[in-house]
Amino acid sequence: MPGVTDRVIACRDCAAGYAGRDVFTGVTLGVAGAETIAIVGPSGCGKSTLLLTLAGLHRSSRGTVLVDGTPLESGDPRIGLVLQQYGLFPWFTVLRNATLGLAIRAKRSGRRFDAAGAADIARALLEQLGLGGKESDYPRRLSGGEQQRLALCRTLLLEPEVLLLDEPFSALDALTREELQDLLLTVLAERRVAAVLVTHSIDEAVYLGDRVGILAQNPGTAAGEPARLLLEANPAGRRGVGRTDPLHHQACAWMRRRFAEAVRA
Ligand SMILES: Nc1ncnc2c1ncn2[C@@H]1O[C@H](COP(=O)(O)OP(=O)(O)O)[C@@H](O)[C@H]1O
Ligand SMILES: [Mg+2]
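Residues numbered from 1 in each chain as written. Chains lettered and ligands numbered in written order. Predicted model: local features only at pLDDT ≥ 70, side-chain atom pairs only at ≥ 80, totals over all residues. Heavy atoms only, no water.

A word on the site of ligand 1
In the vicinity of ligand 1, the residues found are Tyr18, Val23, Pro42, Ser43, Gly44, Cys45, Gly46, Lys47, Ser48 and Thr49. Between ligand 1 and Ser48 there is a distance of 2.9 Å, counted from an oxygen atom to a side-chain nitrogen or oxygen. Protein contacts shield 52% of the accessible area of ligand 1, which totals 560 Å² for the unbound molecule. Ranked by residues supplied to the shell around ligand 1, first place goes to helix α1 (residues 47–54) with 3 residues. A breakdown of the residues in the shell around ligand 1 according to their chemical character gives 4 nonpolar, 5 polar and 1 charged. (Near = heavy atom within 4 Å. Polar contact = N/O pair within 3.5 Å; in protein donor to acceptor, adjacent residues only side chain to side chain. Areas by Shrake-Rupley, 256 points an atom, 1.4 Å probe, with all protein chains shown as cover. Helix = DSSP H or I, 4+ residues; strand = E, 2+ residues; numbered from the N terminus. Nonpolar A, V, L, I, M, F, W, Y, C, P; charged D, E, K, R; others polar.)

Focus: the domain arrangement of the protein
Often the size quoted for an interface is simply the accessible area lost on bringing the parts together. When cut into domains, the protein gives domain 1 (1–78 + 162–265) and domain 2 (88–159). Averaged C-alpha coordinates put domain 1 and domain 2 at centres separated by 26 Å. Each partner contributes to the interface: domain 1 provides 15 residues, whereas domain 2 provides 13 residues. Between domain 1 and domain 2, the buried area comes to about 1,300 Å², and carbon and sulfur atoms account for 65% of it. Along the contact surface separating domain 1 from domain 2 lie 1 salt bridge. For Arg149, the salt bridge is made with Glu179, and the minimal N-O distance between the two is 2.7 Å. Where domain 1 touches domain 2, the interface holds 5 residue pairs in polar contact (both at pLDDT 80 or more). Ranked by residue count, the leading element in the side of domain 1 that touches domain 2 is helix α5 (residues 174–191), at 8 residues. (Domains from an automatic or database assignment. Contact = heavy atoms within 4.5 Å. Buried area = accessible area lost by both parts, 1.4 Å probe. Salt bridge = Lys/Arg side-chain N within 4 Å of Asp/Glu carboxyl O.)

Regarding the sheet that holds strand β6 (residues 79–82)
Across the sheet, 6 strands lie side by side as β6-β7-β8-β3-β9-β10; this open sheet has mixed pairing. Looking at the sheet topology across the chains shown, the edges are occupied by β6 and β10 (228–233). If you compare each strand with its neighbour and ignore which way they point, the axes differ by 20° on average. When strand β7 (residues 162–166) meets strand β8 (residues 194–199), the two strands line up parallel, connected through 5 bridges. In the sheet register, Leu165 faces β8, and the bridge partner there is Leu197. Where helix α4 (residues 144–156) meets the sheet, its contacts fall on β6 and β7, and the angle it forms with β6 comes to roughly 170°. (Pairing = 2+ DSSP bridges. Axes fitted to C-alpha atoms, helices over the stretch in contact; angles between N-to-C directions.)

Notes on the packing of helix α2 (residues 94–108) against α4
Contact geometry for α2 and α4: axes closest at 7 Å, N-to-C directions at 35°. Where α2 crosses over α4, the two elements pack in a sense that is right-handed. Here α2 contributes Val94, Asn97, Ala98, Leu100 and Gly101 to the contact with α4, which in turn contributes Leu150, Cys153 and Arg154. Residues of the contact of α2 with α4, tallied by class, amount to 5 nonpolar, 2 polar and 1 charged. (Left-handed = near helix turned anticlockwise from the far one by under 90°.)

Structural notes on helix α3 (residues 115–128)
In an α-helix there are 3.6 residues to a turn, and that puts residues three or four apart on one side. Compared with an ideal rise of 1.5 Å per residue, which puts 14 residues at 20 Å, α3 spans 20 Å between its outermost C-alpha atoms and is within 8% of the ideal. Those residues of α3 lying buried are Ala118, Ala119, Ala122, Leu125 and Leu126. Within α3, the buried residues cover an arc of 135° as seen down the axis, which keeps them to one side. The outward face of α3, more than 90 degrees from its buried face, is lined by the exposed residues Ala116, Asp120, Ile121, Ala124 and Glu127. Residue Gly130 follows α3 closely and has a positive phi angle near 85°. (Expected span 1.5 Å × (residues − 1). Buried < 20%, exposed > 50% of the residue type's maximum accessible area, 1.4 Å probe, protein only. Arc of directions from axis to C-beta.)

Considerations on the confidence of the model for the protein
Averaged over the protein, the pLDDT score is 90; the fraction of residues at 70 or greater is 95%. Considering only residues more than four positions removed or in separate chains, one finds that residues 1–7, a stretch of pLDDT under 50, has 20 contacts. (pLDDT = per-residue confidence, 0-100.)

This is the structure we're talking about:
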């Protein structure tokens, strides 16, 4: 996607929750251009709720989410969401699953769907994502890693300005996870897409995030109080710092300490 360098998602003092009770509050973040923010938090702290709010699929109780300076609406095409459970349709082939988002978008906007054109674009991206030759397979024949590649493909084909990823690799074995982390970094850099990723892995956050965040209750607050987001520059940066680099390990140790402080009640 050439020529797009300034993709921004932002929210200021945002809160959201369920049944009148906020799950998180006071969340302010802005993600620039091709930047990635990786947020870690304990289970149930509101990571998915935050992503759904940033996707315009869950209404905030306070604060507005802006993309490129304009408010987000439900189903906004500027946002791409990749869910933990992949969201694939078992009765559609890999190629059909990949192009499904494009087909739905065309239908919604009343345009004719150019199935052959979409298939060509999808084939090229499937190839890049390591799914070449699998176009006619059904999702049940794919490994977990391949299913996640396909979910990523379907979302990327929609050319979102911001990619939101909800624990995208947590169901995968360690080696597959590392492979897909590297693939994600490659496609994000190539496409210059901003990303917000939530994970329960400190190691993953440090490896993927230009900035890293911790979503947790403030220390000392009563149980059930909304979580807050602590955002920091990643001391390891992300590009060029490998998993075996001492800087990566130092950054993980630093984040573990910050995390321990942040969640200590
Ligand atoms: N649809 C819902 N209705 C009511 N409560 C919910 C709903 N979804 C999540 N919650 C609650 O909100 C809190 C945050 O959930 P979630 O955002 O899924 O956390 P995480 O993704 O960090 O594990 C949890 O206490 C969860 O039980
Ligand atoms: Mg979740």
